[in-house]
Amino acid sequence: MNLLFSLEYLMNEEHKSGNKAVGAFIQDNDGNFLLIQRPDDCSYCPKQWEVPGGKMDPGETPEQAVVREVKEETGLTVKPKNVICEVEFEAKGKKLIMQYWIAEMVGGDIRLSQEHQACQWLSISDFGTKELTPALDGMWKQLTPPRHKQLVLDYKKERPNFVVYAEALERTLKKACKYSLPEALVQSRAKEVPSFAEKIVRKWDKYNDPIHQMTDLCGARIIVQTIEQVKAVGEFIEANFFICEKENKEVLLGKDKFGYRDLHYIIQLKKDRAGFLGIEEAKLQTIGDRKAEIQVRTWVQHAWADTLHDRMYKNKLKLSTEVVRTGNLLAALMEEGDRDFIGS
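Each value, and the rule that gives it
Residues numbered from 1 in each chain as written. Predicted model: local features only at pLDDT ≥ 70, side-chain atom pairs only at ≥ 80, totals over all residues. Heavy atoms only, no water. Buried < 20%, exposed > 50% of the residue type's maximum accessible area, 1.4 Å probe, protein only. Helix = DSSP H or I, 4+ residues; strand = E, 2+ residues; numbered from the N terminus. Pairing = 2+ DSSP bridges. Expected span 1.5 Å × (residues − 1). Contact = heavy atoms within 4.5 Å. pLDDT = per-residue confidence, 0-100. Salt bridge = Lys/Arg side-chain N within 4 Å of Asp/Glu carboxyl O. Phe/Tyr/Trp six-rings, centres within 6.5 Å; stacked < 30°, edge-to-face > 60°. Lys NZ or Arg CZ within 6 Å of the ring centre and 35° of its normal.

1. Considering the pairing of strand 11 (residues 263–269)
Put simply, side chains in a regular strand alternate between the two faces of the sheet.
Working step 1: Buried residues dominate strand 11, accounting for seven of its seven residues.
Working step 2: By the alternation rule, side chains of strand 11 split into Leu263, Tyr265, Ile267 and Leu269 and His264, Ile266 and Gln268, which are all buried.
Working step 3: Across five bridges, strand 11 lies against strand 12 (residues 292–298) in antiparallel orientation. Paired with Leu263 across the two strands is Val296, which belongs to strand 12.

Encoded structure:
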């Protein structure tokens, strides 16, 4: 009986270790974590990135497996500290459980084994710029609260660059409007940290790497008197900036709809136009290839967007048919007002 129990125990332990793996999040002094890339010709997840780790050997504790796997794959000596989470995933038709650990680096230099071809230290928020193995991708998406905190901290560091961008855009656009459209109102802003924090929660499934994917972290708005002036400002923007996207909300509305009708651009600076626009070399270097959003609208369109649009379409409450109908009627009247300006 004791022999049978021992045999059953050993078989169960081997089964447990056979379907269990460990991964180590090793952090450097800058707060970044070590990722390693699988080879191009690897039979499982070629070219994908992961943290050091692998399957546990029979009879091995998770802590022992972390130390061994990290040493074998990277040459580093680590001390496992605590478990982050466990993730179920499938590899070569087998279901496995990956247990992720925080590990402290205590010695050694990186010397990759033949199982990996490259390594890189990255912040958690930058993991989204890499193609991750299924286990790491699943785990990364589970870490919502800590990941959200890290993304917000990363944006706090990045935001001063967008402040420089916003100020440069505002000066440029005000200069462009000064003589031909002196009544124009030019506004700019770098997205505030609380606004960034709220948006990445609301759009959590859309952005893996929001700092690089979101296009409205820097924004500018030009408000003019007539639709013809909107077109003129649009021509200036298209001539002097690289246009990543252009969206005419009026066209999107269709022939039987009334409402939000701004002209939207997502732009990047053109290096060969920076001098003409009065953007100094130092600011150009700071801004780099970051994107910005520019909106162009009439005062009537601004009244609609600022007063009615958010109340109708960003309201969490379900509005009555009569309220929606009234809003659409006001949108139609505002559009008629814009048309009257053209004829006057």
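We are not done yet, so read on.
2. Observations regarding helix 2 (residues 62–74)
Working step 1: For helix 2, with 13 residues, the first-to-last C-alpha span of 18 Å sits near the 18 Å given by 1.5 Å per residue.
Working step 2: For helix 2, the full list of buried residues reads Pro62, Ala65, Val66, Arg68, Glu69, Val70, Glu73 and Thr74.
Working step 3: Residues of helix 2 that are buried sit in contact with strand 1 (20–26), strand 2 (33–37), strand 4 (53–55), strand 5 (77–91) and strand 6 (94–107).
Working step 4: Gly75 lies just past helix 2 and shows a positive phi near 85 degrees.

3. Overview of the confidence of the model for the protein chain
Working step 1: On average, residues of the protein chain score 81 in pLDDT, and 77% of them are at 70 or above.
Working step 2: Of all secondary-structure elements in the protein chain, the lowest mean pLDDT belongs to helix 1 (residues 2–18), at 36, while strand 8 (residues 185–190) reaches the highest, 96.
Working step 3: Throughout residues 1–17 the model reports pLDDT below 50, and contacts reaching past four residues in sequence, or to other chains, amount to five contacts.
Working step 4: In the predicted structure, residues 251–259 sits below a pLDDT of 50 and forms eleven contacts with residues beyond four places in sequence or in another chain.

4. Details of the pattern of salt bridges
Working step 1: Tallying each qualifying case throughout the model produces 13 salt bridges.
Working step 2: Each of Asp57, Glu60, Arg68, Glu69 and Glu72 takes part in a single network of salt bridges with overlapping partners.

5. Side note on the packing of aromatic side chains
Working step 1: Tallying each qualifying case throughout the model produces five aromatic pairs.
Working step 2: Between Phe25 and Phe33 the ring centres are 5.6 Å apart and the planes differ by 75 degrees, which places this aromatic pair in the edge-to-face class. Each of the two residues, Phe25 as well as Phe33, counts as buried.
Working step 3: Seen in terms of ring centroids, Tyr155 and Phe162 are 6.4 Å apart; in terms of plane orientation they differ by 40 degrees. Their pairing is tilted. There is no split in this pair, since Tyr155 and Phe162 are both buried.
Working step 4: Three or more aromatic residues joined by ring pairs form one cluster here, namely Phe25, Phe33, Tyr100 and Phe127.
Working step 5: The ring of Trp49 carries the charged tip of Lys130 above its face, separated from the ring centre by 4.6 Å.
Working step 6: In this structure, Arg290 is placed above the aromatic ring of Phe162, and the distance from its NZ or CZ to the ring centre is 5.8 Å.

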